[in-house]
Amino acid sequence: MKILVTVSESVDVDDDFEVSEMAIDERYLTYDLNEWDDYAIEEAVQIGEEIDDVEVVTVTIGPERTEEVIRQALAKGADRAVRVWDDALEEASVLDPATKARLVAAVAREEEPDLVLTGVQSGDYSFGATGVALAAEMDYEWAAVVNNLDLDAEAGVASVHRELEGGVEELSDVELPAVLTIQTGINDPRYASLRGIRQAQSKPLDVKTLGDVGVDADDLRLSLSLSSLYEPETEGEATLLEGGPDETAGELAELLRERGVDA
Amino acid sequence: MTVLAVAEHRRGELREESLELLTVGRQLADALDSELHAAVVSGDVDQYAEDLNREGVDAIHTVDHGEEFNHDVYTQTIEQLVGAADATMVLTPNSVNGLDWAPALAQRLDWPLVTDAVDMDVSDGLTVTRELYGGKVEGAVEVDSDHAVLTVRGGEWPAAGGTGSATVEPFEPDIDEAAIGSTVTGFQEVGAGDVDITESDVLVAVGRGIEEEENLDIIEELADAMGATVAASRPIVDNGWLPKDRQVGQSGKNVSPDVYLAIGISGAVQHVAGMNGSETIIAVNDDPSAPIFDVADYGIVDDLFEVVPELTEQFSG
Ligand SMILES: Cc1cc2nc3c(=O)[nH]c(=O)nc-3n(C[C@H](O)[C@H](O)[C@H](O)COP(=O)(O)OP(=O)(O)OC[C@H]3O[C@@H](n4cnc5c(N)ncnc54)[C@H](O)[C@@H]3O)c2cc1C
Ligand SMILES: Nc1ncnc2c1ncn2[C@@H]1O[C@H](COP(=O)(O)O)[C@@H](O)[C@H]1O
């Protein structure tokens, strides 16, 4: 069986940063493997360890920079990777879920996976939508926010728990082929071993343009664009306590005692 | 033209966000010179329709099909209802279930989707405000279309009030049962543990800023000294460092203690959803731009490893 895992970056913004020209300057940003995708990779790799003949392929829509997190996924056990990028995408201020889904679907149509695992949400825009959009695009079944997965590959059914709000889980049976969006906590993602990191260097990482995956740049209907970006005005009136830790802790202790806190 | 607000319910209860949708939906409808219609699919739709009949709602479509949410049924139904009601905008809560069907609808209609809207403006085309990068920045997203599917963040608009005079119209979609490939087999509540954090007057909540499991000791010591209970953000629970019943937030517990002391917690929306009803919120975080400071009453911008032991000493002394 083949499992496709979508892999994207998380973006960490420095404590002190500036917004200019509708973007945050690169020097304030640190990229890493998106947390949710880390759990999705682990889930796929574990399935591969449990049943025979599983190939885990990752797909990423992103510039060359993203190869760093792609190699992380390979080091953790994915077998090979596909990265799609194109100059036509470089100009987009927002890669909306529909566009991402369409591009991943173009790869998925070639790969014909039985199961696609995505993260619940990405680390920059956090749309929380690409996985379900992809399922609709592929005409696959799906389940969003999965925190437990029991796969019956023979029967072609994934029994999942969907984590709803307020500590309630929905139990569902989902027919394969399907897209599942994976929630953190579903497993315990491994750290890449030194051997894994070494092996990752020689695993295939195919880079494709829009043309390669059969998408015409003129057909990209990028329907969302950013018209402003700014630091939100603080709604609250947080009073910041000033001074060294001894002073701030002292002040805070007093404040807490006023509110009746005491052991 | 209509703005269509699709309500959400679970296990017999209409969810509060459904009423908030009516407020933002009415604003949009006014600006677009449209009607506001609500729709409710599955369950006791007549009861839900009564609850949804608030001021400003022009019509309510009830779809009596099954009991609980099924994304295939929702997607098929709303796709047909969009046509029947001449909708140009579809709104639904930005909830786990909302995100389980709205993206599929958008894809089928080939309409743009914007999730987790915190503000909207239609004076010059549709612009949606949303947060980026874990809430550190906000952006206005322009939608290049007259149509859109929008999921709306809870708590950003007030619930619609009053009593409306909407017509209630049953809608019978043509459901392709063969295309339903997922079946809900049940529900499960996360088990209760020995501590009920919702009962505690004072919570010391710890987040990923604590870095290592063994560092939790300093949090336990502080909580002991203060006579408080330890709670946590999600990553601490995901890592298995504290049990699930200590998790505060959207998928954990909803707490409203007298004092909520958030230590090394960034203040992601899903965390804040579970604690913003607290009487006094205090945050300790070394990042001054962390969104937790937006909901905090008091803050200390400093290294928790410096502040926490000092604070423990203040209470032990
Ligand atoms: C569907 C869904 C449901 C979710 N449900 C929940 C939920 O119920 N509860 C929940 O909490 N989350 C939930 N999340 C996850 C949420 O999006 C965030 O990922 C999570 O809340 C982040 O936890 P955190 O603040 O501890 O970690 P981070 O966001 O990593 O923040 C750590 C903070 O610690 C600070 N810090 C680091 N070092 C120090 C130091 N030495 N001193 C002081 N400060 C320091 C950093 O500045 C940072 O602000 C959910 C997500 C999804 C998608
Ligand atoms: N650029 C991308 N390349 C590959 N996968 C992506 C990309 N963006 C998002 N995804 C996948 O879709 C999930 C949800 O992203 P989003 O809908 O943007 O919140 C992520 O966890 C990834 O698994």
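This is a predicted model, so every value here is computed, not measured. (Residues numbered from 1 in each chain as written. Chains lettered and ligands numbered in written order. Predicted model: local features only at pLDDT ≥ 70, side-chain atom pairs only at ≥ 80, totals over all residues. Heavy atoms only, no water.)

The next thing to look at is the confidence of the model for chain B. Summarising the model, chain B shows a mean pLDDT of 96, and 100% of its residues fall at 70 or more. For this predicted complex, the interface confidence reaches an ipTM of 0.96, while the overall pTM sits at 0.97. (pLDDT = per-residue confidence, 0-100.)

For the rest of this paragraph, the subject is the pattern of salt bridges. By the definition in use, this model includes 30 salt bridges over all chains. Note that A:D25 is salt-bridged to A:R27, the shortest N-O span being 3.2 Å. Its salt-bridge partner being B:D100, residue A:R162 comes within 3.6 Å of it at the nearest N-O pair. Pair noted here: A:R162 is in strand β10 (residues 157-163) and B:D100 is in helix α4 (residues 98-109), and the two residues belong to different chains. (Salt bridge = Lys/Arg side-chain N within 4 Å of Asp/Glu carboxyl O. Helix = DSSP H or I, 4+ residues; strand = E, 2+ residues; numbered from the N terminus.)

Attention now goes to the sheet that holds strand β14 (residues 224-230) of chain A. The strands that make up a sheet are held in pairs by hydrogen bonds between backbone atoms, and each pair lies either parallel or antiparallel. Spatially, the four strands line up as an open sheet ordered β14(A)-β10(B)-β9(B)-β8(B), and their pairing is antiparallel. The two strands at the open ends of the sheet, each matched to only one other strand, are β14 of chain A together with β8 (119-121) of chain B. Each strand axis lies, on average, 30° off the axis of its neighbour in the sheet, ignoring direction. As paired elements, strand β9 (residues 127-132) of chain B and strand β10 (residues 137-143) of chain B share six bridges and run antiparallel to each other. Opposite B:T127, over in β10(B), you have B:E142 as the bridge partner. (Pairing = 2+ DSSP bridges. Axes fitted to C-alpha atoms, helices over the stretch in contact; angles between N-to-C directions.)

What follows is about the domain arrangement of chain B. Residue and element names in this part refer to chain B. Taken as a whole, chain B is organised into domain 1 (2-179) and domain 2 (197-316). For domain 1 versus domain 2, the distance between C-alpha centres works out to 34 Å. On the side of domain 2, five residues touch domain 1, which itself brings five residues to the contact. Taken over both partners, the interface formed by domain 1 and domain 2 buries close to 390 Å², and the fraction arising from carbon and sulfur atoms is 52%. Interface area lost by domain 1 to domain 2 is led by G134, K136 and R153, which between them contribute 71%. Put simply, domain 1 and domain 2 have one salt bridge between them. Close ionic contact of K136 with D287 constitutes a salt bridge, the shortest N to O distance being 2.7 Å. On inspection of domain 1 and its partner domain 2, the count reaches one residue pair in polar contact (both at pLDDT 80 or more). Considering only residue class, the side of domain 1 that touches domain 2 consists of one nonpolar, two polar and two charged. (Domains from an automatic or database assignment. Contact = heavy atoms within 4.5 Å. Buried area = accessible area lost by both parts, 1.4 Å probe. Polar contact = N/O pair within 3.5 Å; in protein donor to acceptor, adjacent residues only side chain to side chain. Nonpolar A, V, L, I, M, F, W, Y, C, P; charged D, E, K, R; others polar.)

Looking at ligand 1, there are 29 residues lining it, with B:S233, B:V248, B:S251, B:S266 and B:Q270 nearest. Site remark: ligand 1 is flanked by residues from chains A and B. B:S233 places a polar side-chain atom, nitrogen or oxygen, 2.5 Å from an oxygen atom of ligand 1. Surface burial for ligand 1 is 87%, taken as the share of its 980 Å² of free accessible area covered by protein chains. Those elements that place two or more of their residues in the shell around ligand 1 are α6 (234-238), α7 (269-272) and α9 (304-316) of chain B. Across the shell around ligand 1, the residue classes break down as eight nonpolar, 15 polar and six charged. (Near = heavy atom within 4 Å. Areas by Shrake-Rupley, 256 points an atom, 1.4 Å probe, with all protein chains shown as cover.)

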